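Structural features, examined
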Amino acid sequence: MFGVIGLASLVLGYIGFERLLAVRPETAHDPYDVLYYDLQLFVLSAEPFQNAGPYPWQLQVARFTAPLFTLLAVAETGRLLLAAEIRRLRARRARDHVLVCGDSQFAHMLADRLFADGERVVVVRSEPFGPLEYRQRRYLGVVGDPTSPEVLRGAGLPLAHTIYACTDDADRNHAIANTASRLVQDRRQPPRVYVQVHDPEMCLSLQARRLGAAGSSRLRLDYFHVDDVAARALHRHHPLPPATGRPTRVLIAGTGPFRRALLVETARHWRARRADTPPGHLVTPLRVDLVAPDASTELALAASRYPFLTTVCQLAAYNLDLDRLVELAPLERDHYDRIYICAPEETSGLQFVLDTPALWQGAESSVFVPVYRQAALAAAFHGDSRHDLLDEVHGKLRLYPVLTRACDARLIAEDLTERLARLIHDRYLQAQQRAGVRPGDAPAMVDWSRLPESLRRANRAHVQDIAAKLLNLGCVVAPRHGSTGDASAAGLAIDDRIEELARLEHERWCRERRGEGWTYGEPRDDARRRHPALRPWDELTPEVQEQNREEIRALPDVLSDNGFELIRLAPAMPAQRRGPGNVR
């Protein structure tokens, strides 16, 4: 519309001046004079207007629309010149927003997804934003070094509820977390900080070190890798199809980085399905075949880190190169319910799948190819019915865009603290059901998704207190490496101090409950916040005391489920470390 007004004014002005000067023979003119007079309309001046009218209607219209165009142009220029400053001011004053730091592709995709989900988003990056980018994305942006306290303060970090550090440099992501920790120290409810780590082994190691330090910092901090998040998302979007009368068969082929996360989450998905199956209904076994030159080594490493794999799956290794996959006997004889091709180079992996019809024939449902840089190609294959540009081979071919699926704030928020808290609750449910308590008999006897937020906080506080328990035991958390460390020594340390640790856990729980406004009372009354266990340890019933002991004994199993183990380093400490994070 803006350009139409200017063009119409120019054309009508030219026609109007030609007709006006044609009836004034005393005024000599040529086309250049007419054009000059026409341009003068845009600056509120034109020589022919020094003589009285009448004027042609075209000129009457142009003498008003041309100055209007000039005013609009001045206003738009001022808006563009001040836009960056206005956005900087709005970002500084933002509150209860999400802060995304980084110039990476993942940071851009995450910010777009958060904005689409209704979040107020502020982006901090080093590269300047263009005017059209501001208009297209419509979220606030701050240009500068995301590790700088001044830049982060200008992006409203002290009042943000979540911060994502997603640059391509992992060390800069750590620097952002360090700066955030300093800027929010005085805040009663500090934000959650999620730091992207690009190496999966380093990510697990940092999670272990964070778990050991959680009690000394109020900051809710976690490290994540896009493969782990995308693998969890995969089975939510594409659950495994159940087989009838035979094991469900899955093939994972290749040496790509996605295979470990895929193997672990496939087993977790099947375990959850088995747990959710009503009594009396049979869940078929899950068979997972791994094909790679190092398949035997990889399966041994995965099983040593995640012991539950061997209890959930029937695992088999085939030490073959990817290009020899068609020689695999089960591919032709038994077929697979799902095939994953995790090539180290995604283009060659996709080319292999496109050029190997035997894979399509050997898959009962789909052949999945994880891709990182080819999200647009995945969309070309899997658009809606009107925008499918490429054939999916009768639904057999599925390109899985890892970065796109990893941009799920809800899954990133299911951090290590959340997963451990949920696992603790699941074990509590199982123990209570074995004791004869039925689901729904108490507020805590429900699935995690329906658990009241106050009880979720209690489980998270239990996880936050693991650091204090470890110090008391003289133990640390480390990624599992099979026989590495002395697991028996850690178990013996727990057995030696089980009574003291159970007592400390009960005292922590009492502090947390009283902080929520609960008091002692019998019988339990959730509406009035009265609980019969809110009393000293020595006054508890033997059943409640044993429940606290079981929570302590379960600690190694809870950690091992997420790939960690307890390592005994030193004699047990005589006192528990206290920190502001011990009570949440």
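Now for a quick tour of the structure. (Residues numbered from 1 in each chain as written. Predicted model: local features only at pLDDT ≥ 70, side-chain atom pairs only at ≥ 80, totals over all residues. Heavy atoms only, no water.)

Tracing the sequence through the fold places Val 369 in strand β11 (residues 363-371). With near-sequence residues (within four places) excluded, Val 369 lies in contact with Ile 341, Leu 350, Val 353, Leu 397, Arg 398, Leu 399 and Tyr 400. (Helix = DSSP H or I, 4+ residues; strand = E, 2+ residues; numbered from the N terminus. Contact = heavy atoms within 4.5 Å.)

Here we come to unusual backbone geometry. The residue after Glu 522, namely Pro 523, is reached through a cis peptide bond having omega -5°. Tracing the chain through its elements places Pro 523 in the loop between β14 (519-520) and β15 (530-531). Look at Asp 96: it is not a glycine, yet its phi comes out positive at around 55°. Within the secondary structure layout, Asp 96 lies in the loop between α3 (57-92) and β1 (98-101).

Bringing the sheet that holds strand β4 (residues 162-165) into the picture now. In any sheet, the strands associate via hydrogen bonds between backbone groups, in a parallel or an antiparallel arrangement. Pairing is parallel in the open sheet, where 6 strands are placed in the order β3-β2-β1-β4-β5-β6. On the outer flanks of this sheet lie β3 (140-143) and β6 (220-224), each paired with one strand and no other. With strand direction ignored, the average angle separating the axes of adjacent strands in the sheet is 15°. (Pairing = 2+ DSSP bridges. Axes fitted to C-alpha atoms, helices over the stretch in contact; angles between N-to-C directions.)

Below, the discussion takes up the packing of helix α9 (residues 226-237) against helix α10 (residues 258-276). With their axes 9 Å apart at the nearest point, α9 and α10 run at an angle of 40° to one another. Taken together, the axes of α9 and α10 are oblique relative to one another. The chirality of how α9 crosses α10 is right-handed. Contacts between α9 and α10 involve Asp 227, Asp 228, Ala 230, Ala 231, Arg 232, Leu 234 and His 235 on the former and, on the latter, Phe 258, Ala 261, Leu 262, Glu 265, Thr 266 and His 269. Residue composition of the contact of α9 with α10, by class: 6 nonpolar, 3 polar and 4 charged. (Parallel < 35°, antiparallel > 145°, perpendicular 65-115°, else oblique. Left-handed = near helix turned anticlockwise from the far one by under 90°. Nonpolar A, V, L, I, M, F, W, Y, C, P; charged D, E, K, R; others polar.)

Let's shift gears to the packing of aromatic side chains. Given two aromatic rings, one states the distance between the centres and the angle between the planes to describe the pair. For the coordinates displayed, the defined rule picks out 5 aromatic pairs. Arranged with centres 6.2 Å apart and planes meeting at 35°, the rings of Phe 258 and Tyr 400 form a pair that is tilted. Separated by 142 residues along the polypeptide, Phe 258 in helix α10 and Tyr 400 in strand β12 (residues 397-401) bring together distant segments of the chain. Its relative accessible area of 2% is what places Phe 258 among the buried residues. The cationic tip of Arg 271 hangs over the ring face of Phe 308; the distance from NZ or CZ to the ring centre is 4.5 Å. (Phe/Tyr/Trp six-rings, centres within 6.5 Å; stacked < 30°, edge-to-face > 60°. Buried < 20%, exposed > 50% of the residue type's maximum accessible area, 1.4 Å probe, protein only. Lys NZ or Arg CZ within 6 Å of the ring centre and 35° of its normal.)

This brings us to the environment of Asp 447. Looking at the secondary structure, you find Asp 447 in the loop between α19 (416-434) and α20 (453-464). Exposure remark for Asp 447: the relative accessible area of 33% places this residue in the partly exposed category. Expressed as a C-alpha distance, the spacing of Asp 447 and His 425, which sit 22 residues apart in the sequence, is 8.4 Å. Non-local contacts of Asp 447, meaning those with residues more than four positions away in its chain, are made with Arg 422, His 425 and Leu 429. Among the polar contacts listed, one links the side chain of Asp 447 to the side chain of Ser 449, at a separation of 2.8 Å. (Polar contact = N/O pair within 3.5 Å; in protein donor to acceptor, adjacent residues only side chain to side chain.)

The subject of this paragraph is the pairing of β11. Burial analysis of β11 places 7 of its 9 residues in the buried class, the great majority of the element. Bridging between strand β10 (residues 336-341) and β11 involves 4 bridges; their strand directions are parallel. Within the sheet, the bridge partner assigned to Arg 338 lies in β11 and is Ser 366. Relative to β12, β11 is paired through 5 bridges, and the arrangement is parallel. Bridged to Val 371 within β12 is Pro 401.

Below, the discussion takes up the packing of helix α8 (residues 200-213) against helix α21 (residues 466-473). Two elements in contact, α8 and α21, have axes whose closest approach is 6 Å; the angle formed by their N-to-C orientations is 85°. With respect to their mutual orientation, α8 and α21 come out roughly perpendicular. On the side of α8, the interface is formed by Leu 211, Gly 212 and Ala 213, while α21 contributes Ile 466, Ala 467 and Leu 470. Looking at the contact of α8 with α21 residue by residue, the class counts come to 5 nonpolar, 1 polar and no charged.

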